[in-house]
Amino acid sequence: MRNDILKGTRRILATAVTAVGLLAAFTGGAHAAGGTFSGRTADGCGTASGTYHWYETTVYNNKQAFKTDWDMAVVDHCSADGVAESLYTKYSKWNGSAWVSDNKFHKIAPSGTGTNVADVRLYICHVGNGNSCVML
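A brief structural summary. This one's a predicted model, so the numbers in the text were calculated from it and none came from an experiment.

The rules behind the values
- Residues numbered from 1 in each chain as written.
- Predicted model: local features only at pLDDT ≥ 70, side-chain atom pairs only at ≥ 80, totals over all residues.
- Heavy atoms only, no water.
- Helix = DSSP H or I, 4+ residues; strand = E, 2+ residues; numbered from the N terminus.
- Buried < 20%, exposed > 50% of the residue type's maximum accessible area, 1.4 Å probe, protein only.
- Salt bridge = Lys/Arg side-chain N within 4 Å of Asp/Glu carboxyl O.
- Disulfide = S-S within 2.5 Å.
- Pairing = 2+ DSSP bridges.
- Core = buried A, V, L, I, M, F, W, Y, C linked by side-chain atoms within 4.5 Å.
- Contact = heavy atoms within 4.5 Å.
- Phe/Tyr/Trp six-rings, centres within 6.5 Å; stacked < 30°, edge-to-face > 60°.

**Topic: unusual backbone geometry**
Positive phi outside glycine occurs at Asn-62, with the angle close to 65°. Checked against the element boundaries, Asn-62 lands in the loop between strand S2 (46-60) and strand S3 (63-76). Since its relative accessible area comes to 81%, Asn-62 is described here as exposed. Positive phi is not limited to glycine here, since Asn-116 has a value of about 50°. Position of Asn-116 among the secondary structure elements: in strand S7 (residues 111-126). Under the relative-accessibility criterion, Asn-116 is labelled partly exposed at 24%.

**Notes on the pattern of salt bridges**
Tallying each qualifying case throughout the model produces one salt bridge. We note a salt bridge from Asp-119 to Lys-63, for which the minimum N-O separation is 2.5 Å. Here Lys-63 lies in strand S3 and Asp-119 lies in strand S7, a separation of 56 residues in the sequence.

**What to know about the state of the cysteines**
Scanning all chains against the criterion turns up two disulfides. Here Cys-125 is linked by a disulfide to Cys-133, with a sulfur-sulfur distance of 1.9 Å. Judged by the sign of its S-S torsion, about 115°, the bond between Cys-125 and Cys-133 is right-handed. The same class applies to Cys-125 as to Cys-133, namely buried. Disulfide connectivity for the protein chain, with bonded cysteines indexed by sequence position, reads 1-2, 3-4.

**Notes on the pairing of strand S8 (residues 129-135)**
In terms of strand pairing, S7 meets S8 through three bridges, oriented antiparallel. Counterpart to Tyr-123 in the pairing with S8 is Met-135. Counting the residues that bridge the hairpin from S7 to S8 gives two residues, and of these Gly-128 lies at a positive phi of roughly 80°.

**Section: the nonpolar core**
Of all hydrophobic cores here, the largest spans nine residues; its members are Ala-48, Tyr-52, Trp-70, Met-72, Leu-87, Ile-108, Leu-122, Ile-124 and Leu-136. If you list the elements that add at least two residues to this core, you get S2, S3 and S7. The residues touching Met-72, leaving out its near neighbours within four places in the chain, are Phe-37, Ser-49, Gly-50, Thr-51, Tyr-52, Leu-87, Pro-110, Ser-111, Leu-122 and Leu-136.

**Regarding the packing of aromatic side chains**
Any aromatic ring pair is given by two values, namely how distant the centres are and how the planes are angled relative to each other. The full count for this structure, using the stated rule, is seven aromatic pairs. Each ring, one from Tyr-52 and one from Trp-54, has its centre 5.5 Å from the other, and the planes form 35°; the classification is tilted. Relative accessible area serves as the criterion here: at 7%, Tyr-52 is assigned to the buried category. Residue Trp-54 is classed as partly exposed on the basis of its relative accessible area, which comes to 29%. A connected cluster of aromatic rings, assembled from ring pairs, spans Phe-37, Tyr-52 and Trp-54.

**Notes on the environment of Gly-46**
Tracing the sequence through the fold places Gly-46 in strand S2. Of the residues examined, Gly-46 reaches a relative accessible area of 0% and is grouped as buried. In the structure, Gly-46 is positioned 79 residues away from Cys-125 in sequence and 7.0 Å away in space, judged by C-alpha atoms. Excluding residues within four positions of it along the chain, Gly-46 makes contact with Gly-39, Arg-40, Thr-41, Val-75, Glu-85 and Ile-124.

Right, here's the structure in full:
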């Protein structure tokens, strides 16, 4: 009985080690990632949902740069209030000699691409009101 338990434990451990190895093989050095993202402003007036993907490109100053693409639907559920909703981003950008980040919200189109960026975050916001922004 004890030998059966030891064999079962070894089998479980071997399976776990194999699974960890496979996971490392598929996640290590990933070339592309992304998926579906969504968010809603705190008051529920603005929503954004859609896809965002990033692709490894080059390493600059020991930091990975990415090419990105997104396709989001932005909806204003309170259009009668006169406050528009939009997609915004914050990111670091490689300028050819250094990584630059102004830590400000930048309004972007619902669909687009980016190059030589890192630390990208997407937000849904009331236009012109950074306090309303919610990260997707």
